[in-house]
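The lines below spell out each chain.
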Amino acid sequence: MTATIIDGKAFSARVRAEAGRKVMVLKEQHDLTPGLAVVLVGEDPASQVYVRNKGKATVEAGMKSEEIRLDVTATEQEVLDVVHRLNADPTIHGILVQLPLPKQVDEMAVLDAIDPMKDVDGFHVINTGRQAVGLPAMVPCTPLGCLMMLKDTLGDLSGLNAVVVGRSNIVGKPMASLLLSENCTVTIAHSRTRDLPAVCRGADILVAAVGRPEMIRGDWVKPGATVIDVGINRIPKEDGKTRLVGDVCFDEAVEVAGAITPVPGGVGPMTIACLLANTVTAACRQAGIDEPEV
Ligand code: NDP
């Protein structure tokens, strides 16, 4: 059996277009232009690419985009000052501080300073807590994108066995919490898990968020399972260049799974699309209006 390939690129284009249509309605009917600010500290090349792509996507969706760049030597107070200014700016509805931050800046202190209503990355503990107890919350973009793809592929997830490999605060834990909200029976696996292949084989839904190239082999996958590969790993090629691979050995897993996301072109494009969707949601909540149906 060869798995259905879940096309994150095509799906993300739909989500982005929908965000754009909502922005048009908000502008026309409410004179509201959602605004997203991205704060970048330092010059990490990968972060610069992400920030540029986020800014471009924001403008394409018709929103206001602001980019704040601080030197790699910026103090924690300087970063906090920027966050406080953005919290108070009524034209900015979403604030994203690009991680990682330089070591002199306490990441938790900065995330904690973001107004939870403007926390479009969904990393503030208030949003983590609200999501966990089933209240409206800003949900982290990557797990949200994974959940959208799962629901699009499988429909109702109720009762399915879900295994999330990885327990980071930005992917693994919120992913597990979202799957629990969808009534899955959830197992969270991590570096101390015993017999990980056997744990994975029990999964109807297998989400890999580890950061280890092709760690999850084809014979770890239950026949017919849906596999979501969050991993982005760059590995050397014979010609001296590099290529991107996920945490799942795609060539093996595709022969066993029922559906699978590729890397690249799976989860990655969904993350920015969900950031736009979250910014629209945040703008509507701050303005006290219902999100437009489009
Ligand atoms: P972290 O490094 O924060 O977390 C990795 C997790 O994997 C940890 O919980 C760790 O366990 C677990 N782990 C490590 N080794 C093993 C092992 N041998 N067996 C089982 N579990 C293991 O990573 P992130 O969650 O931030 O990211 C995970 C991957 O997803 C990375 O490749 C990253 O690049 C990618 N990513 C992709 C995004 C996208 O938009 N597509 C967005 C964010 C991340 P323990 O807690 O015990 O140490």
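Note that the coordinates shown come from a computational prediction; the quantities given were computed from them, not determined experimentally.

Attention now goes to helix α7 (residues 172-181). Most of α7 is tucked away: seven of the 10 residues are buried. Gly172, Pro174, Met175, Ala176, Ser177, Leu178 and Leu179 are the residues of α7 that are buried. The inward-facing, buried residues of α7 abut α5 (125-133), α6 (141-154), β5 (161-165), β6 (185-189) and β7 (205-208). Asn183 sits one or two residues past α7 and shows a positive phi near 70 degrees.

A separate point is the UniProt feature "domain: Tetrahydrofolate dehydrogenase/cyclohydrolase NAD(P)-binding" (unreviewed entry) in the protein chain. Per the UniProt record, "domain: Tetrahydrofolate dehydrogenase/cyclohydrolase NAD(P)-binding" (unreviewed entry) is found at residues 140-286. The straight-line gap between the two end C-alpha atoms of residues 140-286 is 18 Å; of that span, 37% is helix and 19% is strand.

The subject of this paragraph is the packing of helix α1 (residues 8-30) against α6. At a closest axis distance of 11 Å, the pairing of α1 and α6 adopts a crossing angle of 105 degrees. Judged on the interaxial angle alone, α6 and α1 are roughly perpendicular. Contacts from Gly8, Phe11, Arg14 and Val15 in α1 reach Met148, Met149 and Asp152 in α6. Here the contact of α1 with α6 is built from residues that sort into four nonpolar, one polar and two charged.

What follows covers the site of the ligand. Not every one of the 22 residues close to the ligand is listed here, only the nearest: Arg167, Ser168, Ser191, Arg212 and Thr271. One of the side-chain N or O atoms of Ser191 is found 2.5 Å from an oxygen atom in the ligand. Between Thr271 and the ligand, the recorded distance is 2.8 Å, taken from a side-chain N or O atom to an oxygen atom. Broken down by element, the shell around the ligand gets its largest block of residues, three residues, from helix α10 (residues 267-287). Residue composition of the shell around the ligand, by class: 10 nonpolar, 10 polar and two charged.

Reading guide: rules and limits
- Residues numbered from 1 in each chain as written.
- Predicted model: local features only at pLDDT ≥ 70, side-chain atom pairs only at ≥ 80, totals over all residues.
- Heavy atoms only, no water.
- Buried < 20%, exposed > 50% of the residue type's maximum accessible area, 1.4 Å probe, protein only.
- Helix = DSSP H or I, 4+ residues; strand = E, 2+ residues; numbered from the N terminus.
- Contact = heavy atoms within 4.5 Å.
- UniProt positions renumbered as here; feature names shortened; annotations may be inferred.
- Axes fitted to C-alpha atoms, helices over the stretch in contact; angles between N-to-C directions.
- Parallel < 35°, antiparallel > 145°, perpendicular 65-115°, else oblique.
- Nonpolar A, V, L, I, M, F, W, Y, C, P; charged D, E, K, R; others polar.
- Near = heavy atom within 4 Å.
- Polar contact = N/O pair within 3.5 Å; in protein donor to acceptor, adjacent residues only side chain to side chain.

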